[in-house]
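Coordinate inspection notes
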Amino acid sequence: MLLSRREFVALTTATVAGIGTSCAIHPAATANRTRVVAFDALAIFDPRPVGQIAVDLFRERAGELMASWRNRQFEYTWLRSTAGRYADFWKTTRDALIFSGRSLGIELPADKVGRLMQGFLELRAYPDVAAALASLKSAGYRLAILSDFTPAMLDASVGHSHLDGVFDALLSTDLVQIYKPAPAAYRMAMNSFGVERHAVTFVPSAAWDAAGSRWFGYNTFWLNRQKVSAEELDIAADATADHMAALLTYVER
């Protein structure tokens, strides 16, 4: 169920890691205030239905397949970025799936590969997203998705989630042909809106992306929905929460 605006405002008073109840909402603008809020796609869209497809297809082996696929998916993006051998996220994701099946001895005929991949074109937003985005827009913030997803993947997820017209920009790393955490990938938000680093708050879903965003110099609100550990990389997100409700409080700080 989506949060009502009243519920959203009430939840912003809750204490979350990195943001206490003393964090008051105040509209006074300063030279350094956030003007753009950019989200990783998986901070917005729930990937768990892809895992359910794997359960339907592979039963007790679904967990190990999904774990291997997820790890290899991002390992391939980083390998390709380091080697300067870019391939888009759709191909990279499919290649990672095929490798994972082969390495685990799980048979992956074309129809099952297609069904799993199709899951990435049918993602929907988490229940807390619509109300949070509406509040941010009402407060005057520009909104973007900044993601490794291809443009087609982003368009499909936005459409399935009924979020058409909500975002001012859908920024795929296809535009720069290199994946996060490369600086050129994060810089897309600055370039798209014509702002400096301090005017952007980035909302990642993964611990490594939170570290990358902070290295780049963005204000970083880590939306840690899975409540996983932060990376041991000598840098931390500016704030962390497991739901969207505290985001408006953070950017209005």
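Residues numbered from 1 in each chain as written. Predicted model: local features only at pLDDT ≥ 70, side-chain atom pairs only at ≥ 80, totals over all residues. Heavy atoms only, no water.

1. Considerations on the packing of helix α9 (residues 183-193) against helix α10 (residues 207-216)
Basically, it comes down to this: Angular values range over 0 to 180 degrees, each being the angle between N-to-C directions of two axes fitted as lines to C-alpha atoms, with helices fitted over their stretch in contact. By the criteria applied, helices consist of DSSP H or I runs no shorter than four residues and strands consist of E runs no shorter than two, each listed in order from the N terminus. Relative orientations are named as follows: roughly parallel for angles under 35 degrees, roughly antiparallel for angles over 145 degrees, roughly perpendicular for angles from 65 to 115 degrees, and oblique for any other angle. If you view the pair so one helix is near and one far, a crossing is left-handed when the near helix is turned anticlockwise from the far one by less than a right angle, and right-handed when it is turned clockwise. Any two residues having at least one pair of non-hydrogen atoms within 4.5 Å are treated as being in contact. Following the grouping adopted for this structure description, the nonpolar residues are Ala, Val, Leu, Ile, Met, Phe, Trp, Tyr, Cys and Pro, the charged ones are Asp, Glu, Lys and Arg, and the polar ones are all others, Gly among them.
Packing of α9 against α10 brings their axes to within 10 Å, and their N-to-C directions diverge by 70°. As judged from the angle between their axes, α9 and α10 are roughly perpendicular. Like other packed secondary-structure pairs, α9 and α10 cross with a definite hand, here right-handed. Listed contacts from α10 to P183, Y186, R187 and M190 of α9 are W208, D209, G212, S213 and F216. Of the residues in the contact of α9 with α10, the class split is five nonpolar, two polar and two charged.

2. Side note on α10
The following threshold applies: The classification of residues rests on relative accessible area computed with a 1.4 Å probe and restricted to protein chains. Under 20% of the type maximum is buried, over 50% is exposed, and intermediate values are partly exposed.
With respect to burial, α10 is a largely interior element, eight of its 10 residues being buried. All of the buried residues in α10 are A207, W208, D209, A210, A211, G212, S213 and F216. Considering only its buried residues, α10 is in contact with α4 (62-83), α9, β6 (200-203) and β7 (219-223). Downstream of α10 by one or two residues, G217 has phi in the positive range, about 110°.

3. So, the layout of surface pockets
Rolled over the atoms, a probe sized like a water molecule indicates the empty space that remains. Let me state the cut-off plainly: Residues are called lining when one of their atoms sits within 4 Å of a cavity or pocket point, these points coming from a 1 Å grid over the protein atoms alone, where a cavity is a set in which a 1.4 Å probe fits but cannot get out and a pocket is an open set with protein on both sides within 12 Å along at least five of seven lines. Grid points are joined across faces, edges and corners, and a volume is the space filled by probe spheres set on the points.
Roughly 620 Å³ of volume is contained in the largest pocket. As for the largest pocket, its lining consists of 22 residues, of which L42, R70, F74, A206 and Q226 are closest to the centre. Looking at the lining of the largest pocket, the elements with two or more residues in it are α3 (48-58), α4 and α10. The element best represented in the lining of the largest pocket is α4, accounting for eight residues. Looking at the lining of the largest pocket, its residues break down into 13 nonpolar, five polar and four charged.

4. Focus on the confidence of the model for the protein chain
Definition in use: Here pLDDT means the predictor's own confidence in every residue, given as a number from 0 to 100.
For the protein chain, the average pLDDT comes to 88, and 87% of its residues sit at 70 or higher. In the predicted structure, residues 1-31 sits below a pLDDT of 50 and forms 51 contacts with residues beyond four places in sequence or in another chain.

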